[in-house]
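Summary of the model geometry
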Amino acid sequence: MLHRPTNKVNKNSLVSLLNPASPVSEVYKTLRTNIHFSSIDSPLKVIMMTSAVKGEGKTTTVCNLAVAYAQEGKKVLLIDCDLRAPAVHQLFSQSNRTGLTNILANQNQWQEVIRDTPIDTLSLLTSGPIPPNPAELLGSSRMQALIEELRQHYDVILLDVPPVLAVTDSLVVSALCDSVVMVVVAGKVDKELVKKTKASLEHVNARLIGVVFNRINRRERKAAFSYY
Ligand SMILES: Nc1ncnc2c1ncn2[C@@H]1O[C@H](COP(=O)(O)OP(=O)(O)OP(=O)(O)O)[C@@H](O)[C@H]1O
Ligand SMILES: [Mg+2]
């Protein structure tokens, strides 16, 4: 049988939930702490995780970070703003029948489509049905109003988005965020692409607070966080 390489998120990727005491889970807690220390005076509430190209580990990182924040007792909402290849629901084994796009299409109130997780203080807003016009929906005034309202109800809001160089979606969403963290597979993704991504984010005045170096290698599962 032919085994094709797959980029599909593996449910074991949610190590922070499955094995909170493991060394890998500790790395996500360190990431949480480093984000906290990156802005002591004005705590960051809405944080977006992005990357230059696909498959660098955005979804894996943001989901584990969400668990790490919730384990600290924070009231957390994780929103899947990747309306092209949504995957957050897969990691949490949830349905994606309704979600963000239903709210943006005026079909549901946010309270109706937010989902619980095994962790009391962590809620999910999955993408919902894939729309024909993701960038338009994400850049809508309805999306802006939604994030503003959700800010009143949660301590931390984490957003998963598509890669920067593929489509404009993440640049559009960055305008709604207090900060942006970039995931980079060190040594595998061309430095020029990383620089171009940083420049694109800066061009739209996104607040890039740091980089997670993610090694997608079974023997060296680790993620580190560094500042510019
Ligand atoms: N630190 C890691 N160690 C091992 N495997 C990882 C790590 N981070 C991500 N992966 C694996 O790499 C693959 C891609 O990860 P993920 O889906 O999180 O990337 P992504 O940036 O969200 O991709 P996309 O751009 O397609 O949304 C998945 O199979 C995931 O399980
Ligand atoms: Mg993803």
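The structure this text deals with has already been given above.
Conventions adopted
Residues numbered from 1 in each chain as written. Chains lettered and ligands numbered in written order. Predicted model: local features only at pLDDT ≥ 70, side-chain atom pairs only at ≥ 80, totals over all residues. Heavy atoms only, no water. Helix = DSSP H or I, 4+ residues; strand = E, 2+ residues; numbered from the N terminus. Buried < 20%, exposed > 50% of the residue type's maximum accessible area, 1.4 Å probe, protein only. Contact = heavy atoms within 4.5 Å. Areas by Shrake-Rupley, 256 points an atom, 1.4 Å probe, with all protein chains shown as cover. Expected span 1.5 Å × (residues − 1). Phe/Tyr/Trp six-rings, centres within 6.5 Å; stacked < 30°, edge-to-face > 60°. Lys NZ or Arg CZ within 6 Å of the ring centre and 35° of its normal. Axes fitted to C-alpha atoms, helices over the stretch in contact; angles between N-to-C directions. Parallel < 35°, antiparallel > 145°, perpendicular 65-115°, else oblique. Arc of directions from axis to C-beta.

1. Some details on the overall build of the protein
- The helix and strand inventory of the protein stands at ten helices and eight strands.
- Residue burial in the protein is summarised as follows: out of 228 residues, 52% are buried.
- Pairs at least 24 residues apart make up 75% of the contacts formed inside the protein by residues separated by at least 6 positions.
- When the accessible surface of the protein is totalled, it reaches about 11300 Å², and 51% of it is carbon and sulfur.

2. A word on helix α2 (residues 23–37)
- For α2, with 15 residues, the first-to-last C-alpha span of 21 Å sits near the 21 Å given by 1.5 Å per residue.
- Listing the buried residues of α2 in full gives Ser25, Tyr28, Leu31, Arg32, Asn34 and Ile35.

3. Some remarks on the packing of aromatic side chains
- Inspection of every chain in the model, using the stated rule, returns one aromatic pair.
- Over the ring of Tyr154 we find Lys75, and its NZ or CZ is 4.8 Å from the ring centre.

4. Description of the packing of α2 against helix α3 (residues 58–71)
- Two elements in contact, α2 and α3, have axes whose closest approach is 9 Å; the angle formed by their N-to-C orientations is 75°. Put simply, α2 runs roughly perpendicular to α3. Only Thr60, Thr61, Asn64, Leu65, Ala68, Tyr69 and Gln71 of α3 make contact with α2, whose side of the interface consists of Tyr28, Lys29, Leu31, Arg32 and Ile35.

5. A closer look at helix α8 (residues 141–151)
- Buried within α8 are the following residues: Met143, Leu146, Ile147, Leu150 and Arg151. Buried residues of α8, seen end-on, are gathered within an arc of 135° and therefore sit on one face of the element.
- In this fold, the buried residues of α8 make contact with β1 (46–51), β2 (76–80), α5 (100–104), α6 (110–113), α7 (134–138) and β5 (156–160).

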